[in-house]
Amino acid sequence: MVKWTDQERSTVRAVWEQINIDEVGPEALARVLIVYPWTERYFGSLGELFTASAVLNNAKVAAHGRVVLRALDEAVKNMDNIEDTYAALSQLHYEKLHVDPDNFRLLADCITITVACKLRSAMGPQVQATWQKFLSAVVDALQSQYH
Ligand code: HNI
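The rules we used
Residues numbered from 1 in each chain as written. Predicted model: local features only at pLDDT ≥ 70, side-chain atom pairs only at ≥ 80, totals over all residues. Heavy atoms only, no water. UniProt positions renumbered as here; feature names shortened; annotations may be inferred. Helix = DSSP H or I, 4+ residues; strand = E, 2+ residues; numbered from the N terminus. Buried < 20%, exposed > 50% of the residue type's maximum accessible area, 1.4 Å probe, protein only. Contact = heavy atoms within 4.5 Å. Polar contact = N/O pair within 3.5 Å; in protein donor to acceptor, adjacent residues only side chain to side chain. Axes fitted to C-alpha atoms, helices over the stretch in contact; angles between N-to-C directions. Parallel < 35°, antiparallel > 145°, perpendicular 65-115°, else oblique. Left-handed = near helix turned anticlockwise from the far one by under 90°. Nonpolar A, V, L, I, M, F, W, Y, C, P; charged D, E, K, R; others polar. Near = heavy atom within 4 Å. Donors = N, O, S within 2.8 Å, 3.2 Å for Na, K, Ca; no water.

Per an unreviewed UniProt entry, the chain goes by the name Globin domain-containing protein and belongs to Pleuronectes platessa. The heading Sequence similarities (unreviewed entry) in the UniProt record of the chain holds the text "Belongs to the globin family."

As structure tokens, this is what we get:
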């Protein structure tokens, strides 16, 4: 289990409170689809993804990005138990969606970059380090049911 100091907890909460899910979700998912185009193979249900502008203007990508970010709220609320919180989600990505787990880290990095673009100077190196520790715990939890 990941250990958190009080300062780390408040940093994660402070970053989370500044995140607009409706902006960061769509932008982060679009970014992963554009920067790492092989991730498109999992999203046949989202329709046209052939060009960067198609991805950026795709309403289904935006909607799914919001779903992903909303799921992060569960991790923020359960920082001491992220693995159990995501057990069913991990199983879904493994057994049903067959998502290569390396992709979780790629999406986590795209979330960090998207958040940093919004927060700018508020996302200094120490804040980034703590935020990435949080997302690493999320990535580990999403991989927990892979075997
Ligand atoms: Ni992911 C569905 C959360 C990473 C491919 N994903 C979901 C759902 C949530 C979710 C929530 C909806 C589940 C449901 O319907 O019960 N996904 C997350 C989170 C991360 C993540 C929190 C990492 C931070 N997912 C990824 C990655 C990929 C991915 C990296 C592929 C590259 N996810 C999917 C696909 C679906 C999905 C595919 C189903 C989409 C659909 O058709 O509805």
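Novice: Provide a residue-level description of the environment of E8, including the pertinent values.
Specialist: Secondary-structure assignment places E8 in helix α1 (residues 6–18). A relative accessible area of 16% means that E8 is categorised as buried. Here the alpha-carbon distance between E8 and W131, two residues 123 residues apart in the chain, equals 8.3 Å. Ignoring any residue separated from it by four or fewer positions in sequence, one finds E8 in contact with K3, T130 and K133. A distance of 2.9 Å separates a polar side-chain atom of E8 from the backbone nitrogen of T5.

Novice: How would you summarise the packing of helix α2 (residues 21–35) against helix α7 (residues 102–119) if you had to cite specific residues and measurements?
Specialist: Remark: α2 packs on α7, axes separated minimally by 8 Å, with the N-to-C direction vectors making an angle of 130°. For the element pair α2 / α7, the angle class is oblique. Remark: the crossing between α2 and α7 carries right-handed chirality. Only L106, L107, C110, I111, I113, T114, V115, C117 and K118 of α7 make contact with α2, whose side of the interface consists of E23, V24, E27, A28, L29, R31 and V32. Split by residue class, the contact of α2 with α7 holds eleven nonpolar, one polar and four charged.

Novice: Report on the site of the ligand, specifying residues and quantitative values.
Specialist: Neighbouring the ligand are 17 residues, the closest being Y42, F43, S45, H64 and H93. The separation between an oxygen atom of the ligand and a polar side-chain atom of S45 is 2.9 Å. Contacts to the ligand include H93, whose side-chain N or O atom sits 3.0 Å from a nitrogen atom. Contributions of two or more residues to the shell around the ligand are made by α4 (59–77), α6 (87–96) and α7. Grouping the constituent residues of the shell around the ligand by class yields twelve nonpolar, five polar and no charged.

Novice: Break down the packing of α2 against α4 for me, citing the residues and quoting the values.
Specialist: At a minimum axis distance of 7 Å, the contact between α2 and α4 shows a crossing angle of 110°. Taken together, the axes of α2 and α4 are roughly perpendicular relative to one another. In terms of crossing hand, the pair formed by α2 and α4 is right-handed. Within the contact between the two elements, α2 uses I21, D22, V24, G25, P26, L29, A30 and L33 and α4 uses V61, A62, H64, G65, R66, L69 and R70. For the contact of α2 with α4, the residue count by class is nine nonpolar, three polar and three charged.

Novice: Please provide a residue-by-residue account of the coordination of the nickel atom of the ligand, values included.
Specialist: If you check the protein contacts of the nickel atom of the ligand, you find one donor only, H93 (NE2), at 2.2 Å. Tracing the sequence through the fold places H93 in helix α6.

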